[in-house]
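Tertiary structure, described
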There are 2 protein chains.
Amino acid sequence: MLEKEKTELASKEKQRVIKAALGEKPAGLVLKNASYINVFSKKICRGDIAVENGVFAGIGKYSGEKEIDLSGKIVLPGFIDAHLHIESSLASPAELAKALLPHGTTTIVCDPHEIANVMGAEGIEYMLEATEGLPIDVMMMLPSCVPATPLDESGAVLCCDDIAPFYNHPRVAGLAEMMNYPGVVSGDESVLDKISFAENRGKGIDGHAPGVCGNGLNAYVAAGIHSDHECTGFAEALEKLERGQHIMIREGTAAKNLEALLPLLSLQYEDRCMFCCDDRHPNDILKSGHIDNIVKKAVAAGTDPAIAAKAASFNAARYFGLAGKGAVAPGYKADFIIADSMENLDIEAVYKNGVPVYENKKIADFAAPKISSELEKKALDTFHVEKISEKDLSVSGRIPVIGMIPGQIVTEKRNAAEKIDLEKDILKIAVIERHKNTGHIGTGYINGFGLKKGAVATSISHDSHNIIAAGTNDRDIVLAVNRIIETKGGIAVYDDGKLVAELPLPIAGIMSGEPIEVIDKKLEEAKSAAFALGANPGVDPFMTLSFMALPVISSIRIMPCGIFDVDNWKFI
Amino acid sequence: MLEKEKTELASKEKQRVIKAALGEKPAGLVLKNASYINVFSKKICRGDIAVENGVFAGIGKYSGEKEIDLSGKIVLPGFIDAHLHIESSLASPAELAKALLPHGTTTIVCDPHEIANVMGAEGIEYMLEATEGLPIDVMMMLPSCVPATPLDESGAVLCCDDIAPFYNHPRVAGLAEMMNYPGVVSGDESVLDKISFAENRGKGIDGHAPGVCGNGLNAYVAAGIHSDHECTGFAEALEKLERGQHIMIREGTAAKNLEALLPLLSLQYEDRCMFCCDDRHPNDILKSGHIDNIVKKAVAAGTDPAIAAKAASFNAARYFGLAGKGAVAPGYKADFIIADSMENLDIEAVYKNGVPVYENKKIADFAAPKISSELEKKALDTFHVEKISEKDLSVSGRIPVIGMIPGQIVTEKRNAAEKIDLEKDILKIAVIERHKNTGHIGTGYINGFGLKKGAVATSISHDSHNIIAAGTNDRDIVLAVNRIIETKGGIAVYDDGKLVAELPLPIAGIMSGEPIEVIDKKLEEAKSAAFALGANPGVDPFMTLSFMALPVISSIRIMPCGIFDVDNWKFI
């Protein structure tokens, strides 16, 4: 649209809203006698809320074409997740939207880091297309660290020039979590260029710097990194906040930081804080919810309800420059939640642009986003690898064993082994490069996984998402890996030559197009199957496995080119 | 510069800053043992502040090439005036900068409304050129209401298309105060287009809506107007704040709102508030200062010093989207103030981009901005009008007298007169259109001005800046008016055929290129001369006169086409 036409259209829309605001004509919708969260005065205010043409027209005394009496209810701005990896839900964006809407989320700010590690720039493009026109607004931050390390054998390498064109997309809000702290503080030009480019475009730059403090933090922040979602303690968060970073308080499935960061949710600090989930697994979303879950927890812990609701909406909108979002106020987009109270936060309805998208426990129908056929085909065909055979799994000589620690993703180097030994819980582990048909297959031994029979494999393997497998015998490992190659992604559990459970993840090998309830059921079945084969109880076997090929975490990992000593940064 | 080069340059600059932040090399400047205002935690913090390459590198323990021990001192972010008409100082931007720097102001957000009423788009261009490269950053908001009313005979009419090109200028931050409330709420397309255009460009839109409340306020805010600087009471301010407007707390020469709005400067509301001077006259700047004066008053009245300092800096920077401004934090521009204490706020030094621009009571030399010669010529030649003679001042018949009210700019319609009557304080008043040689000269009578002898005239006459004169006899009025035409702008006082005082204002007829001290001296002499001729003591005679042709204020005004009844919106 030409700029002139765009201006005139906007003026015409304003005319309608102004008339409704003045009360010169009935507003399309009036929420009568509403209490609502005022994010500006941080108070609960009252009035009739007039909605017209998708935006709030005014708060006062109003009549509407449609009126809903909200006596005793409360209206909140729609929730915004400030940092989310859609891929962690294992669901497609459309299916995830269906899961999040009942929880009041109307905007998510995503980092398509996982799919970008598989598909590169086409992965970003896929996510943009797969989120177009959803009843939830999906903003994108562009992955800053693909691959995670030069060591990673990912599907793509994304330089500044590769991601730069995406900044022209109206839903791209900035550069996603800059995990490469060493690259930043060493002044690596390829890293700084990504920051500088985003900055010159006036875009936000998210951080990821667990535990960084002092002069190192000064340097990281001075480079232009404006947020952090890795704070685990108040002192760390306050230091980052005082250096100018916005703090995203994270409640993910694994990492839960709200309790430690509750002191941030006071008048002194709240305006620099927002909420995010980062990684939430399907079961967690179904059981606990989403941002509503964080708000409820915060309020239960004594946070002022208005401050909690503001951190869950307006603060994120302001940080990301999402104009007209995150408030119940004239001219703001009518993205809102109707709940019973701030204490229960029982969500009765959710509106997007003035239209109900969730009410009476039902989500309004919406058309699935159209993905261009070539891109869709590519996303469903990301396994460029030959099937393996038992000889591919040979291990030469005695090598140190990867020691898993229950409930943690760090590992430790344990005594060397030269074969599988079930009595000592020494299993075989293998990583199969699957993006470029390099034939790279790393093999080794693992202790602490617990399997007594069979094998498991998954194509979720951070951050490169090669195929990773662990098992009690080569035959079942080969079958599990080949099953994943056959189904072009997923999780497979084999016992004695038989497939006993699986979760297909055909979208880039990391997501399913099925409803989240179906994904959850299959995943839980796969976990049960693994537990039945002896996998360590109380630990998610696939999540644990998915971190074993991530070389940024201590102390020993398996890579497609062999066992890697992280602490000494060299292959063994 | 190409985007790629710009990116690479930014990265190179980041490399320097990162090294200094890490302490790997001495920073260019270190403020040792400093206390400073942390605008994020709203506290006074301590540390060595490292400055490198024009930005803050870090706060902690640092060594520098140059070190200044600041034990016992306090560092604040440079002050930002959120809404200022440079023209009200009567000084050129360069001379005003010299006057403001000692007060700690490093950024002003200006509305060149006055010069635009004289010169149109060229007036905006002139101000952009005249502010380029000053040691104070001058951001521009584009005048939204030129002329003030369709009735005004100004030098130009500015439509959306006229101002639109200026949004490409890096120092244009948005649309200036939308004074045309009736135009907005009536849905006038030419008014809304200006708002829509700015909005589509992601720019801010300032408001001006004294006393507007209820559904009218809803409509005005819903139209997209994000700030207000006209609040005179807390209830009014809170209503606007709760509707989403940012509140600019104004302390001008005439309008002083801080005291009434002090409750805004609490943790509950402070993040939506900033400071502005709007209109400050030369004498007031010299005597009282600028934003420092507001901060001092606020602190003296009990405001938390950190909150006062934040409202004076960061909040305005954030509202206007001035990235990297308004905080002492890594990566922020090193625009800062060194003061003795928050209580006295005795400003010892002011730095801009890490370089001292004021210290030891001296302003660092700077080159005057280069204005293109044709534009300069035009700015110095804005009087397109023939000299007048006594017959131009004839008044036909008995007409109502404009009644001045001491200390106010509203007027009242008083009993009709048909001639000057000094005993009854009935003087002649005249407005001479001076932009387009229309020959329009409005004449009438005024009561309450007080002159017993002679006449005064000024080419500052809101908002059209025609020549306005009042006097006891036609001869002196003619001389005063013609003197202003001759000098191409200013203030003139005549007595018995002789020029007794004058202030030349050759830049667009409203500003002088002389130092503000000289302007002030001449203005004070002109006032004294007017008082000596009998002008009402205690009231600024020229300021009072300058509002007599502004048809938006009750109840009776003089326009180039005659006496105007504001309340009934018709000529008499």
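Here is a short report on the structure shown in this document. These figures come from a predicted structure and were not determined experimentally. (Residues numbered from 1 in each chain as written. Chains lettered and ligands numbered in written order. Predicted model: local features only at pLDDT ≥ 70, side-chain atom pairs only at ≥ 80, totals over all residues. Heavy atoms only, no water.)

**Focus: the overall build of chain A**
Looking only at helices and strands, chain A has 18 helices and 28 strands in total. The C-alpha atoms of chain A give a radius of gyration of 25 Å, which matches the 25 Å a tight globule of 572 residues would have. With respect to the three principal axes, the spread of C-alpha positions in chain A is 85 × 50 × 50 Å. Going through the 572 residues of chain A one by one, you find that 64% of them count as buried. Counted over contacts in chain A with a minimum sequence separation of 6, partners at least 24 positions apart contribute 67%. In the form shown here, chain A has an accessible surface area of approximately 19500 Å², with 52% of it arising from carbon and sulfur atoms. Separation between the mean location of the 59 positive side-chain charges and that of the 78 negative ones in chain A comes to 3 Å. (Helix = DSSP H or I, 4+ residues; strand = E, 2+ residues; numbered from the N terminus. Rg over C-alpha atoms; globule rule 2.2 N^0.38 Å. Buried < 20%, exposed > 50% of the residue type's maximum accessible area, 1.4 Å probe, protein only. Contact = heavy atoms within 4.5 Å. Areas by Shrake-Rupley, 256 points an atom, 1.4 Å probe, with all protein chains shown as cover. Lys, Arg positive; Asp, Glu negative; His and termini not counted. Charge placed at Lys NZ, Arg CZ, Asp CG, Glu CD.)

**A short note on the packing of helix H1 (residues 3-22) of chain A against helix H8 (residues 214-222) of chain B**
Where H1(A) contacts H8(B), the axes come no closer than 7 Å and their chain directions differ by 165°. If you check the angle between H1(A) and H8(B), you find them roughly antiparallel. Where H1(A) crosses over H8(B), the two elements pack in a sense that is right-handed. For the pair H1(A) and H8(B), the contacting residues are A:Val17, A:Ile18, A:Ala21 and A:Leu22 in the first and B:Asn215, B:Gly216, B:Asn218, B:Ala219 and B:Ala222 in the second. When the residues that make up the contact of H1(A) with H8(B) are grouped by side-chain class, the tally is six nonpolar, three polar and no charged. (Axes fitted to C-alpha atoms, helices over the stretch in contact; angles between N-to-C directions. Parallel < 35°, antiparallel > 145°, perpendicular 65-115°, else oblique. Left-handed = near helix turned anticlockwise from the far one by under 90°. Nonpolar A, V, L, I, M, F, W, Y, C, P; charged D, E, K, R; others polar.)

**A look at the packing of aromatic side chains**
Residue and element names in this part refer to chain A. For the structure on display, the rule yields 20 aromatic pairs over all chains. In this structure an aromatic cluster arises from ring pairing among Phe40, Phe314 and Tyr332. Seen from the ring of Phe383, Arg434 lies directly overhead, with NZ or CZ sitting 3.9 Å from the centre. (Phe/Tyr/Trp six-rings, centres within 6.5 Å; stacked < 30°, edge-to-face > 60°. Lys NZ or Arg CZ within 6 Å of the ring centre and 35° of its normal.)

**Section: the sheet that holds strand S19 (residues 411-417) of chain A**
Residue and element names in this part refer to chain A. Taking strand neighbours across the sheet as the criterion, the eight strands line up as S19-S18-S21-S20-S23-S22-S24-S25 in an open arrangement whose pairing is mixed. Edge positions in the sheet fall to S19 and strand S25 (498-504), since each has one partner strand and no second. Mean inter-strand twist for the sheet, computed between neighbouring axes without regard to direction, equals 25°. Sheet topology places strand S20 (residues 426-432) next to strand S23 (residues 467-471); five bridges connect them, and they run antiparallel. Across the sheet, residue Ile432 finds its bridge partner in S23, namely Ile467. Lying over the sheet, helix H16 (residues 474-487) contacts S20, strand S22 (455-458), S23, strand S24 (490-495) and S25, oriented at roughly 150° with respect to S24. In this fold helix H17 (residues 516-532) packs onto S22, S24 and S25, with an angle of close to 145° to the strand it touches most, S25. (Pairing = 2+ DSSP bridges.)

**Here we look at the relation of the copies chain B and chain A**
Take chain B, turn it by 180°, move it 0.0 Å along the axis, and it overlays chain A with an RMSD of 0.0 Å. The superposition of one copy onto the other is thereby described by a two-fold rotation axis. Residue B:Leu267, judged by its C-alpha, is the member of chain B lying nearest the rotation axis, at 3.0 Å. Comparing contact sets, 100% of the residues at the interface of chain B also lie at the interface in chain A, consistent with an isologous, same-surface contact. (Least-squares fit on C-alpha atoms with pLDDT ≥ 70 in both.)

**Here we look at the pattern of salt bridges**
Residue and element names in this part refer to chain B. Considering all chains together, one arrives at 79 salt bridges over all chains under this definition. Where Glu52 meets Lys25, a salt bridge forms, and the shortest distance between an N and an O atom there is 3.0 Å. Residue Glu52 is located in strand S2 (residues 43-52), and its partner Lys25 is located in the loop between helix H1 (3-22) and strand S1 (27-38); the two are separated by 27 residues in the primary sequence. Glu52 sits in the buried class, given a relative accessible area of 5%. Residue Asp540 is joined to Lys527 by a salt bridge in which the shortest nitrogen-to-oxygen separation is 3.4 Å. Of this pair, Asp540 sits in the loop between helix H17 (516-532) and helix H18 (541-546) while Lys527 sits in helix H17; the two residues are 13 residues apart in sequence, bridging distant segments of the chain. Taking relative accessible area as the criterion, Asp540 reaches 18% and is therefore assigned buried. Residue classification places Lys527 among the buried residues on the basis of a relative accessible area of 13%. (Salt bridge = Lys/Arg side-chain N within 4 Å of Asp/Glu carboxyl O.)

**Quick word on a negative patch on the surface**
The grouping of A:Glu5, A:Glu8, B:Asp188 and B:Glu189 at the surface amounts to a negative patch. Within the secondary structure, B:Asp188 sits in the loop between helix H6 (181-185) and helix H7 (189-200). Exposure remark for B:Asp188: the relative accessible area of 32% places this residue in the partly exposed category. (Patch = residues over 30% accessible without salt bridge, like charges linked within 9 Å, V, L, I, M, F, W, Y side chains within 5 Å.)

**Points about the pairing of strand S9 (residues 172-178) of chain B**
Residue and element names in this part refer to chain B. Across the seven residues that make up S9, a large majority, seven, are buried. As defined by bridge partners, strand S8 (residues 137-142) adjoins S9 across three bridges and the pair is classed as parallel. Residue pairing in the sheet places Met141 in a bridge with Gly174 of S9. Note: S9 against strand S10 (residues 204-207), three bridges, orientation parallel. Opposite Leu175, over in S10, you have Ile205 as the bridge partner.

**Things to note about the packing of H1(A) against H7(B)**
A packed helix pair is summarised by two numbers, namely the angle formed by the two axes and the spacing between the axes. Viewed as axis vectors pointing N to C, H1(A) and H7(B) meet at an angle of 115°, and their least axial separation amounts to 8 Å. Relative to H7(B), H1(A) is oriented so that their crossing is right-handed. Where H1(A) approaches H7(B), its residues A:Glu3, A:Lys6, A:Thr7, A:Glu8, A:Ala10, A:Ser11, A:Lys12, A:Lys14, A:Gln15 and A:Ile18 are matched on the opposing element by B:Glu189, B:Leu192, B:Asp193, B:Ile195, B:Ser196, B:Phe197, B:Glu199 and B:Asn200. A per-class count over the contact of H1(A) with H7(B) returns five nonpolar, five polar and eight charged.

**Quick look at helix H2 (residues 93-100) of chain B**
Most of H2(B) sits out of view: seven of its eight residues are buried. Of the surrounding secondary structure, the elements contacted by the buried residues of H2(B) are strand S6 (79-84), strand S7 (105-110), helix H4 (121-130), helix H11 (282-288) and H17 of chain B.

**As for the sheet that holds strand S20 (residues 426-432) of chain B**
Residue and element names in this part refer to chain B. As summarised here, the arrangement of the eight strands in space is S19-S18-S21-S20-S23-S22-S24-S25, forming an open sheet in which the pairing is mixed. Whereas interior strands pair on both sides, the edge strands pair on one side only; in this sheet they are strand S19 (411-417) and strand S25 (498-504). Strand-to-strand twist of the sheet, defined as the mean angle between neighbouring strand axes without regard to direction, takes the value 25°. Note that strand S22 (residues 455-458) and strand S24 (residues 490-495) share four bridges and pair antiparallel. Across the sheet, residue Thr458 finds its bridge partner in S24, namely Ile491. Where helix H16 (residues 474-487) meets the sheet, its contacts fall on S20, S22, strand S23 (467-471), S24 and S25, and the angle it forms with S24 comes to roughly 150°. Set on the sheet, H17 makes contact with S22, S24 and S25; between it and S25 the angle comes to about 145°.

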